[in-house]
Amino acid sequence: MPVDSPPPTLLIVDDDEAILTLVGRFAERAGFCVRTCAGGWEAIERLARERADVAVVDLRMPDVGGLDVLRAIREADPDCQVILMSGAGTIESAVEAVKLGAVDFLTKPFDFARLKALLGHVKEDASRRRRVLEAERKVARDLEFCGMIGRGPAMQELFGLIRRLAPHVRTALISGETGVGKELVARALYQLGPRRGRRFVTINCASIAESLFESELFGHVRGAFTGAVDSKPGLFETADGGTIVLDEVGEIPLAMQAKLLRVLESGEVQRVGAVEPRRVDVHVLAATNRDLRAEARAGRFRLDLFYRLGVVELWVPPLRERREDIPYLTAAFVRDAGERLGKRLAGPTPAAERQLVAAPWEGNVRELRNVIERACLLADGDFITEREIQSGAAPSTGTGTRGFDARGPAPEDGPAGDDHSLSSLEREHILTVLAQSGGNKMTAARRLGLSRRALYRRLERYGIRP
Ligand SMILES: Nc1ncnc2c1ncn2[C@@H]1O[C@H](COP(=O)(O)OP(=O)(O)OP(=O)(O)O)[C@@H](O)[C@H]1O
Ligand SMILES: [Mg+2]
């Protein structure tokens, strides 16, 4: 255990001042950071705000009894260990307490040796957990493959495939749900391929206005259209000799798909308005979160282009199909967030980790990363608890909590509180939906019933910088 990890916190709840002092002194000497509460209500309120590693709770208190405090703690923070104490111990209460998950039941005047042993266990649990997390972090570091972490068979297989294919691919299609890591796969193919160190140009096809596509990709000559004051090379020419990533390739308009196919087949681009084509030598990695085969069947994507791109197809599985990776991804994200925030963070408590492993993760690794970053920001000890995970996972309007990717600048004018103009409501709503989609624009657009492009226009209009 690192020497400077913070002392565990202990909360004593009793209406008897003398017990608070007595147990408090004892726990302090045992190395705990002690807090006291003079009643059940106060304890419940307090535990909603701050966490404790262990709570020592009196059974009989005038306002709220110890068993209710125990129930509240179990609900709010399953990792907090609870020890109940009672003046006149009844067997029934003791049985009930243990059923509810208390670690022990002490009868006053109680045996301090026993309390000492219990507190020793609590400390040992925390330090064991720190060791587990440290080990996970180390494994995550050792597992890293071109910036990707994946321990389960699905990702290991993908890494093997990338390793074998990278020296040879000229064109590949990388598919998978949003946030699974397609961009990282593209980078890995590039880094392990023969063109490493040459140009690597990424273009998000969803963010280019339809009318500008051709000139963006293939360039134009002076006077080709109004506004074309100078000749300009397109991205294919810029990437000559290197690699181009066509992100969200499914968003390319049909007419452009035909032109793109021609470029791939012929190895020549023609600037808009130019007479002569130019030769380019570019490796093309296309990424999509759509099912292009289905898109082709629906007439939205050219089948011939799909076959041309999909000579090599790499599919990245969704996070819910490789949950075994979650603890290691979490370890890496906690490490990164800790470094950035300048915080010493060990990682999630066991209950928080269980929650992470079980979550649906519609936004995949990106969503997980956002949730972890937010939880790290909120964490006040070195452990990340369920509560912090939850406030990262379920952002809502009104409370001021929002997903990481979706924070835009404050509205420029008008008090935020009573600005009910339609556009400000729309802006708010977009921010909310973006946050709920883990910052993913594709998902947000779908939920909002907008096209990708329409969402981009609104983001720009409202000054939302994802
Ligand atoms: N295996 C992984 N290990 C570590 N980080 C990962 C992994 N997969 C994804 N990430 C991280 O998750 C985020 C999303 O990844 P990426 O941008 O590659 O997803 P994507 O599939 O391209 O998503 P989209 O379809 O929305 O473009 C990035 O911050 C990336 O670094
Ligand atoms: Mg991407």
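Residues numbered from 1 in each chain as written. Chains lettered and ligands numbered in written order. Predicted model: local features only at pLDDT ≥ 70, side-chain atom pairs only at ≥ 80, totals over all residues. Heavy atoms only, no water.

Chemist: Run through the overall build of the protein, naming residues and quoting values.
Modeler: Across its full length, the protein holds 19 helices and 16 strands. Computed over C-alpha atoms, the radius of gyration of the protein comes to 29 Å, more than 25% over the 23 Å expected from 2.2 N^0.38 for 466 residues, which places it beyond the range of a compact globule. In terms of principal-axis extent, the alpha carbons of the protein reach across some 95 × 55 × 40 Å. Of all 466 residues assigned to the protein, the portion counted as buried reaches 51%. For the protein, the centre of its 68 positive side-chain charges and the centre of its 67 negative side-chain charges are spaced 6 Å apart. (Helix = DSSP H or I, 4+ residues; strand = E, 2+ residues; numbered from the N terminus. Rg over C-alpha atoms; globule rule 2.2 N^0.38 Å. Buried < 20%, exposed > 50% of the residue type's maximum accessible area, 1.4 Å probe, protein only. Lys, Arg positive; Asp, Glu negative; His and termini not counted. Charge placed at Lys NZ, Arg CZ, Asp CG, Glu CD.)

Chemist: Help me get a handle on the site of ligand 1, residues and values and all.
Modeler: Surrounding ligand 1, one finds 18 residues, the nearest of these being Ile149, Thr178, Gly179, Lys182 and Arg369. Between glycine 181 and ligand 1, the recorded distance is 3.1 Å, taken from a backbone N or O atom to an oxygen atom. In this structure, asparagine 289 approaches ligand 1 through a side-chain N or O atom, which is 3.3 Å from an oxygen atom. A total of 630 Å² of accessible area belongs to ligand 1 in isolation, and the protein chains cover 88% of it. Counting residues per element, the ones that place at least two in the shell around ligand 1 are α7 (182-191), α13 (326-341) and α15 (364-378). In terms of residue class, the shell around ligand 1 is built from 7 nonpolar, 6 polar and 5 charged. Here the shell around ligand 1 spans two domains, and each of domain 2 (153-319) and domain 3 (322-461) adds at least three residues to it. (Near = heavy atom within 4 Å. Polar contact = N/O pair within 3.5 Å; in protein donor to acceptor, adjacent residues only side chain to side chain. Areas by Shrake-Rupley, 256 points an atom, 1.4 Å probe, with all protein chains shown as cover. Nonpolar A, V, L, I, M, F, W, Y, C, P; charged D, E, K, R; others polar. Domains from an automatic or database assignment.)

Chemist: Please give an account of the pairing of strand β2 (residues 33-37) that cites residues and values.
Modeler: By the bridge criterion, 5 bridges tie strand β1 (residues 9-13) to β2 in an arrangement that is parallel. Paired with leucine 11 across the bridge in β2 is arginine 35. This β-α-β element, β1 to helix α1 (residues 17-29) to β2, shows right-handed connectivity. (Pairing = 2+ DSSP bridges. Right-handed = clockwise from strand over helix to strand, strands pointing away.)

Chemist: A description of the sheet that holds strand β14 (residues 313-315) should follow, citing residues and the corresponding values.
Modeler: Spatially, 5 strands are ordered β7-β10-β13-β6-β14 in an open sheet, and the strand pairing comes out parallel. Each edge of the open sheet carries a strand with a single partner, namely β7 (200-204) and β14. Shown here is a sheet whose adjacent strand axes are inclined to one another by a mean of 15 degrees, direction ignored. Sheet topology note: the strand β6 (residues 171-175)/β14 ladder contains 3 bridges and is parallel. Counted as the bridge partner of serine 175 is tryptophan 315 from β14. (Axes fitted to C-alpha atoms, helices over the stretch in contact; angles between N-to-C directions.)

Chemist: Can you tell me about the nonpolar core, naming the residues and giving the values?
Modeler: By size, the foremost hydrophobic cluster in this structure holds 30 residues, and its most contacted members are Phe236, Ile244, Leu246, Val249, Val284 and Leu309. Put simply, the parts of the chain that give this core at least two residues each are β7, α8 (213-218), α9 (235-238), β10 (243-247), α10 (254-266), β13 (283-288) and α12 (303-309). With 5 residues, the top contributor of residues to this core is α10. When sequence neighbours within four positions are dropped, the list of residues in contact with leucine 246 reads Ile203, Cys205, Leu260, Val284, Leu285, Ala286 and Ala287. Counting residues in hydrophobic clusters, the runner-up holds 26 residues, among them Ile149, Trp361, Leu368 and Val371. (Core = buried A, V, L, I, M, F, W, Y, C linked by side-chain atoms within 4.5 Å. Contact = heavy atoms within 4.5 Å.)

Chemist: Tell me about the packing of helix α2 (residues 40-49) against helix α3 (residues 66-76), and please be specific about residues and values.
Modeler: Direction vectors running N to C along α2 and α3 enclose 5 degrees, while the axes themselves pass 10 Å from each other. Here α2 lies roughly parallel to α3, going by the angle between them. Facing α2, whose interface residues are Gly40, Ala43, Ile44 and Leu47, α3 presents Asp68, Val69, Ala72 and Ile73. Across the contact of α2 with α3, the residue classes tally to 6 nonpolar, 1 polar and 1 charged. (Parallel < 35°, antiparallel > 145°, perpendicular 65-115°, else oblique.)

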